[in-house]
Amino acid sequence: VQLQACGGGLVQAGGSLRLSCAASGPGLSSYVMSWFRQAPGKEREFVAGHRWTGRTSYTYYGDRVKGRFTISRDNAKNTVDLQMNSLNPEDTALYYCAADPVPRTISHVNDYEYWGQGTQVTVSS
């Protein structure tokens, strides 16, 4: 499985950005796809996750982004997007997409086998 993230950039506080992660590999529709972020000097943090059961989508969000960020997925294109609104400087980080067939806990970094390269998001005040 390979993951390629894009869409980062510089934005002013209050603005929006949309990140996209393109995945390639077998059986991806059954994988949990998530976004994490890591700010300098801090641990990698769960942002949002998406699980597709074949019938129902489940979405999960970190407490710091609930109500501002939205994760979405297109299984036909093998992409997972992260729409980020009302950005603030505390959202500045390197954002990573991650995938795993069966993460024990969706918000745990160590439960993901596959990672994309990061895409930088910088929010100016």
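Residues numbered from 1 in each chain as written. Predicted model: local features only at pLDDT ≥ 70, side-chain atom pairs only at ≥ 80, totals over all residues. Heavy atoms only, no water.

**Q** Could you clarify how one ought to interpret the environment of Gly7 in this entry?
**A** Residue position: Gly7 is located in the loop between strand S1 (2-6) and strand S2 (9-12). When the C-alpha atoms of Gly7 and Leu19 are compared, they prove to be 4.4 Å apart, with 12 residues separating the residues in sequence. In this view, Gly7 contacts Leu17, Arg18, Leu19 and Thr119; residues no more than four positions away in its chain are not counted. (Helix = DSSP H or I, 4+ residues; strand = E, 2+ residues; numbered from the N terminus. Contact = heavy atoms within 4.5 Å.)

**Q** I would appreciate a short explanation of the nonpolar core in the present structure.
**A** In summary, soluble globular proteins display a tendency toward joint burial of nonpolar side chains. If you look at the biggest cluster of nonpolar residues, it comprises 27 residues, and the most contacted ones within it are Trp35, Val47, Phe69, Leu82, Met84 and Tyr95. Looking at this core, the elements with two or more residues in it are S1, strand S3 (17-24), strand S4 (32-38), strand S5 (45-52), strand S7 (69-74), strand S8 (79-84), strand S9 (93-100) and strand S11 (119-124). Judged by nonpolar contacts, the second largest core, of 6 residues, contains Val32, Phe36, Ile106 and Tyr112. (Core = buried A, V, L, I, M, F, W, Y, C linked by side-chain atoms within 4.5 Å. Buried < 20%, exposed > 50% of the residue type's maximum accessible area, 1.4 Å probe, protein only.)

**Q** How should I be thinking about the pairing of S7 in this particular structure?
**A** Consecutive side chains along a regular strand alternate between the two faces of the sheet. Burial of the side chains of S7 is restricted to one face: Phe69, Ile71 and Arg73 are buried, whereas none of Thr70, Ser72 and Asp74 on the reverse face is. Bridge count for S7 against S8 is 6 bridges, and the pairing is antiparallel. Among the inter-strand pairings, Thr70 is bridged to a residue of S8, identified as Gln83. Where S7 folds back on S8, the antiparallel hairpin that results is connected by 4 residues, among which Asn78 adopts a positive phi of roughly 55°. (Pairing = 2+ DSSP bridges.)

**Q** Just checking my understanding: could you explain the sheet that holds S1 for this structure?
**A** Backbone-to-backbone hydrogen bonds join strands into a sheet, with any given pair of strands oriented parallel or antiparallel. Taking strand neighbours across the sheet as the criterion, the 4 strands line up as S1-S3-S8-S7 in an open arrangement whose pairing is antiparallel. Among the strands making up the open sheet, the edge pair consists of S1 and S7. Taken pair by pair, the neighbouring strands of this sheet meet at an average axis angle of 15°, ignoring direction. (Axes fitted to C-alpha atoms, helices over the stretch in contact; angles between N-to-C directions.)

Keep in mind these values describe shape, not function.
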